[in-house]
Amino acid sequence: MAVRIDGKAVSARVKADVKKEIEQLKSRGIEAGLAVVIVGDNPASRVYVNNKKKACSEVGITSYEYALPQDTTEEELLSLVEKLNNDSRVNGILVQLPLPEQIDEHAVINTIVPEKDVDAFHPENVGHIMIGDYKFLPCTPAGVMELIAETGIDPCGKSCVVIGRSNIVGKPMAMLLLHKNGTVTVCHSRTKDLKEICANADILVSAVGKANFVTADMVKQGAVVIDVGMNRNEEGKLCGDVCYDECEKKAGYITPVPGGVGPMTIAMLMKNTLTAVKAANGITD
Ligand code: GUN
């Protein structure tokens, strides 16, 4: 039976560390601010944004919410981003994705100044992640790395399989595992022999977005299984990509949904916002 990795507990530790540093900055007269922009009324985005604002208030970061209507034009959103780029109260800018179809996501991401890009989505920050000299963590993959570290298992030399190749999760996830000297395979919808590849993984990270995608026959005995999926099952209940009940019998370690990767993504966002505040104030430690 697998050990359950408690993302809530690990994220609480990360947030407590951030909170301590934010308090120290406050005692020096330095305030931290995060702008959170949401466009339209996607219910999942609303939940994520509320959770991000709640985390800000827990660690002492002031959040500034900008809720724009579904029919917002690209020009309007870009002009808000430019305003936030120039607002000294704002250390980090987060534009919740996905955006309505009339808005080009890349145009928005490219407009955020890299110093305030706490999601690490700007091509300049993505480049830093690729090279390995990054300051802003890719939030979800960095959260996953913390959860893997929690198991005590070192990815060095291990077979690491990432299912999914998105810019937000799959690609940066592969980079972080590679930086830790894992032997990384990225699988996707065109991958042949997906089951066999996964069944050889010492560390399996699923970021597919389909409930019940990872079954026990895809899990190696004793493997670390990390579930990045956030889906709803037929009953509307939140669930990941992994068939938890059958996979926990085979895995060595496994993350639940909810309570696994989700809280870690937000904790890492808080960490990035702290990094942005320190950089804006010339604090290098
Ligand atoms: N949508 C899904 N995940 C994320 C994320 O990490 N950041 C933003 N901005 N939007 C998202």
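Refer to the preceding data block for the structure.
Residues numbered from 1 in each chain as written. Predicted model: local features only at pLDDT ≥ 70, side-chain atom pairs only at ≥ 80, totals over all residues. Heavy atoms only, no water.

A. Representation of the overall build of the chain. Along the chain, the regular secondary structure elements total ten helices and eleven strands. Taken against the 2.2 N^0.38 rule, which gives 19 Å for 285 residues, the C-alpha radius of gyration of the chain at 19 Å falls within 12% of a compact globule. Summarising its shape, the C-alpha atoms of the chain cover approximately 50 × 40 × 35 Å along the three principal directions. Taken over 285 residues, the chain has a buried fraction of 51%. Within the chain, counting contacts between residues at least 6 apart in sequence, those at least 24 apart form 69% of the total. Within the chain, the 37 negative side-chain charges are centred at a point lying 5 Å from the centre of the 31 positive side-chain charges. (Helix = DSSP H or I, 4+ residues; strand = E, 2+ residues; numbered from the N terminus. Rg over C-alpha atoms; globule rule 2.2 N^0.38 Å. Buried < 20%, exposed > 50% of the residue type's maximum accessible area, 1.4 Å probe, protein only. Contact = heavy atoms within 4.5 Å. Lys, Arg positive; Asp, Glu negative; His and termini not counted. Charge placed at Lys NZ, Arg CZ, Asp CG, Glu CD.)

B. Inspection of the sheet that holds strand β5 (residues 159–163) at higher detail. If you trace the six strands from one edge of the open sheet to the other, you get β1-β11-β8-β7-β5-β6, paired in parallel fashion. Because the sheet does not close on itself, it has two edges, and the strands there are β1 (3–4) and β6 (183–187). Contacts from helix α6 (residues 139–151) reach β7 (203–206), β8 (224–227) and β11 (253–254) within the one sheet, and its direction differs from that of β8 by about 150°. (Pairing = 2+ DSSP bridges. Axes fitted to C-alpha atoms, helices over the stretch in contact; angles between N-to-C directions.)

C. Quick peek at the pattern of salt bridges. On inspection of all chains with the given rule, the structure shows nine salt bridges. Of the charged contacts in the structure, one is a salt bridge between Lys54 and Glu58, with a shortest N-O distance of 3.7 Å. Linking Lys54 with Glu58, this pair stays in helix α2 (residues 43–59), spanning four residues, or about one helical turn. Of the charged contacts, one joins Lys220 and Asp202 as a salt bridge, the two residues approaching to 2.8 Å between their closest N and O atoms. With a gap of 18 residues between them, Lys220 in the loop between β7 and β8 and Asp202 in the loop between α8 (194–199) and β7 connect regions that are remote in the sequence. Given the relative accessible area of 31%, Lys220 is considered partly exposed. Look at Asp202 and you get partly exposed, because its relative accessible area is 22%. Here the salt bridges do not stand alone but share partners, grouping Lys15, Lys54 and Glu58 into one network. (Salt bridge = Lys/Arg side-chain N within 4 Å of Asp/Glu carboxyl O.)

D. Looking closely at the site of the ligand. All residues in the neighbourhood of the ligand are listed as Lys52, Leu94, Val95, Gln96, Leu97, Asp119 and Phe121. Gln96 is positioned such that a nitrogen or oxygen atom in its side chain is 3.3 Å from a nitrogen atom of the ligand. Between a nitrogen atom of the ligand and a main-chain N or O atom of Leu97, the distance comes to 2.9 Å. When the ligand sits alone it has 280 Å² of accessible area, and the protein chains cover 83% of it. (Near = heavy atom within 4 Å. Polar contact = N/O pair within 3.5 Å; in protein donor to acceptor, adjacent residues only side chain to side chain. Areas by Shrake-Rupley, 256 points an atom, 1.4 Å probe, with all protein chains shown as cover.)

E. Geometry of the nonpolar core. In terms of nonpolar packing, the biggest core is built from 52 residues, with Leu34, Ile61, Val144, Ile226 and Met270 touching the most fellow members. Excluding residues within four positions of it along the chain, Met270 makes contact with Val18, Leu34, Lys52, Ala55, Cys56, Val59 and Ile61. Counting residues in each nonpolar core, the second largest holds 19 residues, with Leu80, Leu84, Ile103 and Ile109 among its members. (Core = buried A, V, L, I, M, F, W, Y, C linked by side-chain atoms within 4.5 Å.)

F. Representation of the packing of aromatic side chains within the structure. Inspection of the entire model under this criterion finds zero aromatic pairs. A cation sits over an aromatic face here: Arg89 above Tyr64, 4.4 Å from the ring centre. (Phe/Tyr/Trp six-rings, centres within 6.5 Å; stacked < 30°, edge-to-face > 60°. Lys NZ or Arg CZ within 6 Å of the ring centre and 35° of its normal.)

G. Fine view of the packing of α2 against helix α10 (residues 261–280). It is the contact of α2 with α10, at a shortest axis distance of 10 Å, that shows an interaxial angle of 55°. In this view, α2 runs oblique relative to α10, as classed from their interaxial angle. The handedness of the crossing between α2 and α10 is right-handed. Residue-level contacts link Asn51, Lys52, Ala55, Cys56 and Val59 of α2 to Ile266, Leu269 and Met270 of α10. Its residues placed into classes, the contact of α2 with α10 shows six nonpolar, one polar and one charged. (Parallel < 35°, antiparallel > 145°, perpendicular 65-115°, else oblique. Left-handed = near helix turned anticlockwise from the far one by under 90°. Nonpolar A, V, L, I, M, F, W, Y, C, P; charged D, E, K, R; others polar.)

H. Fine view of the side chain of Asp119. Of note, Asp119 is situated in the loop between α4 (105–111) and α5 (123–131). Lys52 provides the closest opposite charge to the buried, unpaired Asp119, separated from it by 5.1 Å. Each residue touching Asp119, except ones within four places of it in the same chain, is listed here: Leu94, Val95, Leu137, Pro138, Cys139 and Leu269.

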